[in-house]
Amino acid sequence: MDAEIFGGAQPKGRVRVSGAKNSATRLLAAGLLADGPVVLNNFPTKLVDVGHKIEFCRQIGAVIDVSHVGNMVRIDPTGLESRILTREQFDIPIRTTYLLAAAQIMRSGIARIPYPGGCPIGGGAGGGRGYDLHAMVWEKLGCIVTERDDHIEITGKGFRGGEIVFPISTVGGTENALLCASIAEGTTEVLNAYITPEIEDLIKLLRKMGAQIEVYGTSRIVIEGRRVLTVANHTVMADRIEALTWIVYAALSGGTLTIEDVPFGSMEVPLLHLEKAGIDLFRNSNSVHVSPACLTAGAVQPFELACGTHPGVISDMQAFYVLLGVVGAGTSRVFDYRYPERIGFVAELQKLVDRPCLEAKHGAITIRGPAGFSPGEAISTDLRGSMAIVIAALCADGRSVIKNVEMALRGYNDLQTKLRKLGIGFNTFEPATVGS
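Within any chain, residue numbers begin from 1 and follow the written order of that chain's sequence. Restriction of local features to residues with pLDDT of at least 70 applies here, the model being predicted, together with a cutoff of 80 or more for giving and counting side-chain atom pairs; totals for whole chains, interfaces and linings are based on all residues. Side-chain calculation: all heavy atoms of the structure are included, whereas hydrogens and water are not.

S.K.: For the packing of helix α5 (residues 132-140) against helix α6 (residues 171-182), give the residues involved together with the corresponding values.
M.R.: Axis lines are fitted through C-alpha atoms, for helices just across the contact stretch, and the angle between N-to-C directions can take any value from 0 to 180 degrees. Here a helix means four or more residues in a row that DSSP labels H or I, a strand means two or more in a row labelled E, and each is numbered from the N terminus. Running from N to C, α5 and α6 cross one another at 20°; their axes reach a closest spacing of 9 Å. In this view, α5 runs roughly parallel relative to α6, as classed from their interaxial angle. Seen from above, α5 lies across α6 with right-handed handedness. Contact residues: His 134, Val 137 and Trp 138 in α5; Gly 172, Gly 173, Asn 176, Ala 177 and Cys 180 in α6. For the contact of α5 with α6, the residue count by class is four nonpolar, four polar and no charged. When describing relative orientation, an angle under 35 degrees is termed roughly parallel and one over 145 degrees roughly antiparallel, while 65 to 115 degrees is termed roughly perpendicular and anything else oblique. Should the near helix be turned anticlockwise from the far one by less than a right angle, the crossing is left-handed, and should it be turned clockwise, the crossing is right-handed. A contact between two residues is defined here by any heavy atoms of the two lying within 4.5 Å. Only Asp, Glu, Lys and Arg are considered charged in this grouping, and only Ala, Val, Leu, Ile, Met, Phe, Trp, Tyr, Cys and Pro are considered nonpolar; every other residue, Gly among them, is considered polar.

Shown next, in the form of structure tokens:
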């Protein structure tokens, strides 16, 4: 899918931040562990990744009702079982398929899941991330992991509590450990866990479902398992990455935008960096108002920042600070120590900048501002980098074409509708239809 964007318009109005993508798909997996229906509110129902996971859950017997109007899903997992699916049914282009193992093991003693997909930012075969830490979780909790031709097979008579020590801090591994340990027999201790706001949201739901989870400091979790968890009703946290995206877009475009449901508590450091870059935001308890008056010196000020783990600026936010650096009044530098290979978007972003100003090497991006955005044609890369490219096109005065724009749409719930309500045109089309 490609996008045709006529940029240069300034967004005006109000936009509400949706439920967090990086929380919603994990909460969906948790809902499969209950002995009855689980309701998730503020759920980003129109996300592509969410649709893929819901379809897979339905294929293995879960009943999932989706309300796009109410932003709600109702999960009834009582009919779920492990099933042998076709290669096409296993071909799901998302990373979090491993989280679907816990419910299958609990109900069938065997789990069959697709190999994890996701953004091609390096790390495994075909550019995707590996799954060795997830295999370690399953094995430490008493299961056997077998690599099949088109899927991973996990077998065991339920999970047994144990000690899991991650060699590196890992979001996905921590999520998987929480799900499996919550239904394990006995106590599980997880060391070197990575506790993000989205993982805190997952812990909140699991506790509502009856799991006994204690968090010590920032990296140790102790879970007292239960064989089956109970029904619950939960509201998905707001998406901190989407909130930052709207703030940066408004600041770059010169628009006047009120952004509602901003999760300030989970993005204190990212917002501090905006302040240091000369962006003075008007805010109340849950909203922020962005206008040209927010640029206290009349322009974004040059900056340096390093991306790493929460509570700092996470790697998923990196591309939006690079965007700010393009218009900054001097040279800015963005370092990424967690995913240093996440630089593929830079060459594509440069195609929408009116002069050469971007330089990227492993783990470091240098932006020699100030420059402006100009219309052109670019190709989507990873999810967040693709959204940065879309924003550049929205700010450029003229017609741009963004190829493979579905990469950006994966992370933003109902993006086109939200933009239209702000007076911004954004049209998608299939390349084969051009000229027909």
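The structure having been displayed, the exposition proceeds.
S.K.: Outline the pairing of strand β11 (residues 212-216), supporting the account with residue identities and numerical values.
M.R.: Should DSSP find at least two bridges between two strands, the strands are taken to pair. Across five bridges, β11 lies against strand β12 (residues 220-224) in antiparallel orientation. In the sheet register, Gln 212 faces β12, and the bridge partner there is Glu 224. Between β11 and the antiparallel strand that follows it, β12, lie three residues; Gly 217 among them carries a positive phi value of about 65°.

S.K.: Hey, could you go over the environment of Asp 201 for me, with residue numbers and the actual values?
M.R.: By the element assignment, Asp 201 lies in helix α7 (residues 197-208). Along the chain, Asp 201 and Met 72 lie 129 residues apart, while their C-alpha atoms are 16 Å from each other. Setting aside chain neighbours within four positions, we find Asp 201 in contact with Ser 23, Leu 27, His 234, Thr 235, Val 236 and Met 237.

S.K.: Quick rundown of α5? Include the residues and the values.
M.R.: Given 3.6 residues per turn, any residue in an α-helix points the same way as the ones three and four places further on. Turning to α5, its buried residues are Leu 133, His 134, Ala 135, Met 136, Val 137 and Trp 138. Buried residues along α5 sit against α4 (101-108), β6 (110-113), β7 (144-147), β8 (152-155), β9 (163-165) and α6. Positive phi appears at Gly 142, one or two residues downstream of α5, with a value of about 95°. Buried means the residue's accessible area, taken with a 1.4 Å probe over protein chains only, is under 20% of the maximum for its type, while exposed means over 50%, and partly exposed covers the values in between.

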